[in-house]
Amino acid sequence: MALGRSRRGERHIDYWPGFVDALSTLLLVFVFLLSVFVLAQFVLTQEIGSKDDAMARLQAQIRELTDLLALERASDAETDSQMGALRASLLRLEQERDVLREAAIAVAGPEEIAAAESRSAELARALGQEKDATAQAAAQIAILNQQIAALRRQIAALEEALNISDQKDKESQSRLADLGKRLNVALAQRVQELTRYRSDFFGRLRAILGDRPDVRVVGDRFVFQSEIFFDRAAAQLRGDALPALDKLATALIELEKQIPADLPWVLRVDGHTDDRPISTPLYPSNWELSAARAIAVVQYLAQKGVSPQHLVAAGFGEYQPIDSGSDDEARARNRRIELKLTER
């Protein structure tokens, strides 16, 4: 008893939990912002990749149309060459016809005249064929000119589509960057709000628990020895533990009224055991025992009016010790119930 009075007399303010709380909150904010940045980079990469694929397809179509235009131009040049050759051949035939006519006039023999007339008829037929070929070539040239004009219109439309796509790409990138900034600001505000309510809850819980030596603050968690709530190898709440849980339920109900409904939060109740194995019909392993103890606390708080949406029970068995020793004192510290106010 004298030692207990001496320790209470030497009690001093411990700033370490608040410092750890602020440091852990800052670390959570940094990790969250980094996750948002990575997500934004991934979405932006996907958007840019899709735009690059579309631009590649449009450029391939432009190359195909350019090749087709080059072929049409080559065909046009070939047709012009053919028309030149046909005109030259027509001129030569007309000259030859004139020569034959002059020869027929100069030579009055009937055989020569008949031969000249026959040759003239052949030249006339050949001339008609040449004219028909020239007309067909002219029609083909007109068709090719129409196709070239259509190709030019298609190329202009594709260039305009590319310009519009580039403009939309720039606008989407700008909107994505602005959205990322807004999301970061909103998330930072949410984290700050939850941190403020967590600090208020810690203050209330400290006031409720007082200075009990079997309750410790480790980082952002309240740690209770399991013997406060349960007997050895059992998960039924002890009667002398219910008043403290009633006060905890009252504090949580008040907290639910203060925290905005759109701010996701939960009180996580973690059950832990020591490393001594257990095997009973109810609890085949320490996992079942630790989970059953956490569920018992959560169910009691829910019965007292705390919203089940704000309660989480987790069992860790003996796999998260806070003391690595193997003596009775270390095992007693590892048998614990932890409370943590955190995000959902």
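What you see is a predicted model; the values in this text were computed from it and never measured.

Cut-offs applied
- Residues numbered from 1 in each chain as written.
- Predicted model: local features only at pLDDT ≥ 70, side-chain atom pairs only at ≥ 80, totals over all residues.
- Heavy atoms only, no water.
- Helix = DSSP H or I, 4+ residues; strand = E, 2+ residues; numbered from the N terminus.
- Buried < 20%, exposed > 50% of the residue type's maximum accessible area, 1.4 Å probe, protein only.
- Contact = heavy atoms within 4.5 Å.
- Core = buried A, V, L, I, M, F, W, Y, C linked by side-chain atoms within 4.5 Å.
- Expected span 1.5 Å × (residues − 1).
- Phe/Tyr/Trp six-rings, centres within 6.5 Å; stacked < 30°, edge-to-face > 60°.
- UniProt positions renumbered as here; feature names shortened; annotations may be inferred.
- Pairing = 2+ DSSP bridges.
- Axes fitted to C-alpha atoms, helices over the stretch in contact; angles between N-to-C directions.
- Parallel < 35°, antiparallel > 145°, perpendicular 65-115°, else oblique.
- Left-handed = near helix turned anticlockwise from the far one by under 90°.
- Nonpolar A, V, L, I, M, F, W, Y, C, P; charged D, E, K, R; others polar.
- Polar contact = N/O pair within 3.5 Å; in protein donor to acceptor, adjacent residues only side chain to side chain.

1. Focus on the overall build of the protein
In step 1: When helices and strands are counted, the protein shows 6 helices and 5 strands.
In step 2: N-terminal to C-terminal, the α/β element order of the protein is α-α-α-β-β-α-β-α-β-α-β.
In step 3: Buried positions account for 31% of the 344 residues belonging to the protein.
In step 4: In the protein, of all internal contacts separated by at least 6 residues, the share reaching a separation of at least 24 is 75%.

2. Section: the nonpolar core
In step 1: In this structure, F224, F229, V269, L301 and L339 are the most contacted members of the largest nonpolar core, which totals 22 residues.
In step 2: The set of elements that each furnish at least two residues to this core consists of β2 (221–225), α4 (242–258), β3 (265–272), α5 (286–303) and β5 (336–343).
In step 3: The dominant element in this core, judged by the number of residues it contributes, is α5, at 6 residues.

3. Focus: α5
In step 1: Between its terminal C-alpha atoms α5 stretches 26 Å, which fits the 26 Å expected from 18 residues at 1.5 Å a residue.
In step 2: Taken as a whole, α5 has its buried residues at N286, L289, S290, R293, A294, A296, V297, V298, Y300 and L301.
In step 3: Against the buried residues of α5 lie α4, β3, β4 (311–315) and β5.
In step 4: Just beyond α5, the residue with positive phi is G305, at close to 110 degrees.

4. A short note on the packing of aromatic side chains
In step 1: Overall, the coordinates contain 3 aromatic pairs when judged by the stated rule.
In step 2: What links up through ring pairs into an aromatic cluster is the set F224, F229 and F230.

5. A short note on the environment of I322
In step 1: Along the chain, the position of I322 falls in the loop between β4 and α6 (328–334).
In step 2: With 50 residues separating them in the primary sequence, I322 and H272 have C-alpha atoms 9.8 Å apart.
In step 3: The residues touching I322, leaving out its near neighbours within four places in the chain, are R216, R333, N334, R336 and E338.

6. So, the UniProt feature "transmembrane region" (unreviewed entry) in the protein
In step 1: Sites flagged by UniProt as "transmembrane region" (unreviewed entry) map to residues 20–44.
In step 2: In residues 20–44, helix accounts for 100% and strand for 0%; the two terminal C-alpha atoms are 36 Å from one another.

7. Topic: unusual backbone geometry
In step 1: Its identity is not glycine, yet A233 carries a phi of approximately 60 degrees, on the positive side.
In step 2: A233 gets classed as partly exposed once you look at its relative accessible area, which sits at 45%.

8. Concerning the side chain of H310
In step 1: Tracing the sequence through the fold places H310 in the loop between α5 and β4.
In step 2: When its relative accessible area of 16% is taken as the criterion, H310 is described as buried.
In step 3: Once residues within four sequence positions are removed from consideration, H310 is found in contact with E256, W265, V266 and L267.

9. Thoughts on the pairing of β5
In step 1: Most of β5 is tucked away, with 7 of its 8 residues classed as buried.
In step 2: Sheet analysis places β2 next to β5, joined by 4 bridges and oriented antiparallel. Within the sheet, the bridge partner assigned to V223 lies in β5 and is E338.
In step 3: Pairing analysis gives 8 bridges linking β3 to β5, with the strands arranged antiparallel. Pairing of V266 across the sheet is with T342, part of β5.

10. Thoughts on the environment of S285
In step 1: As for its position among the elements, S285 is in the loop between β3 and α5.
In step 2: S285 sits in the partly exposed class, given a relative accessible area of 23%.
In step 3: Note: C-alpha distance between S285 and E318 (33 residues apart in sequence) is 9.7 Å.

11. Considerations on the packing of α4 against α5
In step 1: Contact geometry of α4 with α5 gives a least axis separation of 9 Å together with a crossing angle of 60 degrees. With respect to each other, α4 and α5 are oriented oblique. In the crossing of α4 with α5, the sense of the turn from one axis to the other is right-handed. Of the residues in α5, those in contact with L242, L245, D246, L248, A249 and L252 of α4 are V297, Y300 and L301.
In step 2: Counted by class, the contact of α4 with α5 contains 8 nonpolar, no polar and 1 charged residues.

12. A short note on the side chain of D323
In step 1: With respect to the element layout, D323 can be found in the loop between β4 and α6.
In step 2: When its relative accessible area of 19% is taken as the criterion, D323 is described as buried.
In step 3: Of the polar contacts made by the side chain of D323, one reaches the backbone nitrogen of G325; its length is 3.0 Å.
In step 4: Among all residues touching D323, those that are not within four sequence positions of it are A330, R333 and N334.

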